[in-house]
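Spelled out, the chains give:
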Amino acid sequence: MFFDSFHSFFLLFRVYRASGIMNLQYYRQKRRNRQNILQILSTIVHPPARSIWVKPSSQTFWEEVVPQLSDTEFKNIYRMNRSVFMKLLEEVRPDLTHKDTSFRKAIPAAKKLAVALNVLASCGEYREIASKYGIGRSTVGYCLKLFIDSCYKLLDKYLHFPTKEQFNKIAEEFEVFWSYPEAIGAIDGCHINIKAPVDQQTAYFNYKSRHSMILLAICDANSVFYYINVGRPGRC
């Protein structure tokens, strides 16, 4: 009889002890949650002061070096002379222009165009170009995307397939300028190196043993492009 009562008391003691530990853990967790909430609220109400909004960067190249470049040096960097650069700028300016905000001034459209052309002309790393123009690496990619999207809108304005009459004129010009009869275009292509999609590695692996995308273009006797095709996998 004593054994049964003692055993029952021991079981009851373990239950109360476990219950007490659980309650203690519950109240401790509740107190920690309350402290975390108070800390978050204090951060919202009294946010820590920023030391800087934007990390200072050098604007020397764009503001001081580029204006002093000779016509040859300018063309070597951007693959076009200043007059063509300004004409292209007027075409893409609406898509490259953004308003200033209370936090910072927007990057000028001319600078965005220069960054995009520098990327396309040099195939340099975003890190190097970002350092040269005093902007972030992600901003380099953003400028390039804005420029390409803007150029895509202009394709129908400047790039269209010739008519039969225009083909006859092109053939005449090839014979007159280049002594090449019955030609209606000069065609060439190149492989643009890319990082291939994970699930299509084989499709983009070309004969040069690297992954690429194919660019094909045709121009007339005056070296004016009238057909461009880009995007086919390098294995084609």
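Everything that follows concerns the structure shown earlier in this document.
A brief look at the structure comes next. What you see is a predicted model; the values in this text were computed from it and never measured.

This next bit is on the overall build of the chain. Counting secondary structure elements, the chain contains 9 helices and 3 strands. Starting at the N terminus, the α and β elements of the chain follow one another as α-α-α-α-α-α-α-α-α-β-β-β. Scored against the burial criterion, the 236 residues of the chain give a buried share of 24%. For the chain, the exposed surface amounts to about 18,100 Å²; the carbon and sulfur share of it is 59%.

For the rest of this paragraph, the subject is the nonpolar core. Ranked by internal contacts, the top residues of the largest apolar core, which has 30 residues, are Tyr78, Leu113, Leu117 and Tyr133. Mapped by element, the contributors of at least two residues to this core are helix H2 (60–65), helix H3 (71–78), helix H4 (82–96), helix H5 (109–122), helix H6 (126–133) and helix H7 (137–153). Grouped together as the second largest cluster of nonpolar side chains are 7 residues, Phe167, Ile170, Phe174 and Ala183 included.

Turning next to a nonpolar patch on the surface. On the surface, Val176, Phe177, Trp178 and Tyr180 cluster together into a nonpolar patch covering about 520 Å² of accessible area. For Val176, the location among the structural elements is in helix H9 (residues 164–178).

Taken as a whole and judged by the stated rule, the model has 6 salt bridges. For Glu90, the salt bridge identified is with Arg93, shortest N-O distance 2.8 Å. Taken together, the residues Glu90 and Arg93, both in helix H4 and 3 residues apart, mark about one turn of the helix. Overall, Glu90 belongs to the partly exposed group, its relative accessible area being 49%. Arg93 sits in the partly exposed class, given a relative accessible area of 32%. Here Glu91 makes a salt bridge to Lys157, at a shortest N to O gap of 3.3 Å. A residue pair is termed long-range when its members are at least 10 positions apart, and Glu91 in helix H4 and Lys157 in helix H8 (residues 155–158) qualify at 66 residues. Taking the relative accessible area as the measure of exposure, Lys157 reaches 51% and is therefore exposed.

To continue, consider the layout of surface pockets. Volume-wise, the largest pocket comes out at about 1,900 Å³. Lining the largest pocket we find 35 residues, and of these Leu117, Leu120, Phe147, Cys151 and Ile228 sit closest to its centre. Elements with a contribution of two residues or more to the lining of the largest pocket: H4, H5, H7, H8, strand E1 (186–193), strand E2 (212–219) and strand E3 (225–233). Looking at the lining of the largest pocket element by element, the count peaks at 5 residues for H7. Of the residues assigned to the lining of the largest pocket, the class counts are 29 nonpolar, 3 polar and 3 charged.

With that out of the way, let us pick up H9. With 15 residues, H9 should cover 21 Å at 1.5 Å per step; its first-to-last C-alpha distance of 21 Å lies within 8% of that length. What H9 keeps buried is the set Phe167, Ile170, Ala171, Glu173 and Phe174. Burial along H9 is one-sided: seen end-on, the buried residues are contained in an arc of 165°. In H9, those exposed residues whose orientation departs by more than 90 degrees from the buried face are Glu165, Lys169, Glu172 and Val176. Tucked into the core, H9 has its buried residues touching E1, E2 and E3. Of the residues trailing H9, Ser179 is marked for its positive phi of about 55°.

Now for a positive patch on the surface. Taken together, Arg28, Lys30, Arg31, Arg32 and Arg34 make up a surface patch of like positive charges. Mapping Arg32 onto the fold places it in helix H1 (residues 2–45).

Along the chain, the position of Lys112 falls in helix H5. For Lys112, a relative accessible area of 4% translates into the label buried. Sequence separation between Lys112 and Tyr133 is 21 residues, and the spatial gap between their C-alpha atoms is 9.7 Å.

Parameters at a glance
- Residues numbered from 1 in each chain as written.
- Predicted model: local features only at pLDDT ≥ 70, side-chain atom pairs only at ≥ 80, totals over all residues.
- Heavy atoms only, no water.
- Helix = DSSP H or I, 4+ residues; strand = E, 2+ residues; numbered from the N terminus.
- Buried < 20%, exposed > 50% of the residue type's maximum accessible area, 1.4 Å probe, protein only.
- Areas by Shrake-Rupley, 256 points an atom, 1.4 Å probe, with all protein chains shown as cover.
- Core = buried A, V, L, I, M, F, W, Y, C linked by side-chain atoms within 4.5 Å.
- Patch = residues over 30% accessible without salt bridge, like charges linked within 9 Å, V, L, I, M, F, W, Y side chains within 5 Å.
- Salt bridge = Lys/Arg side-chain N within 4 Å of Asp/Glu carboxyl O.
- 1 Å grid on protein atoms, 1.4 Å probe; cavity = no way out; pocket = protein on both sides within 12 Å on 5 of 7 lines; lining within 4 Å.
- Points joined across faces, edges and corners; volume = space filled by probe spheres on them.
- Nonpolar A, V, L, I, M, F, W, Y, C, P; charged D, E, K, R; others polar.
- Expected span 1.5 Å × (residues − 1).
- Arc of directions from axis to C-beta.
- Contact = heavy atoms within 4.5 Å.
- Lys, Arg positive; Asp, Glu negative; His and termini not counted.
- Charge placed at Lys NZ, Arg CZ, Asp CG, Glu CD.

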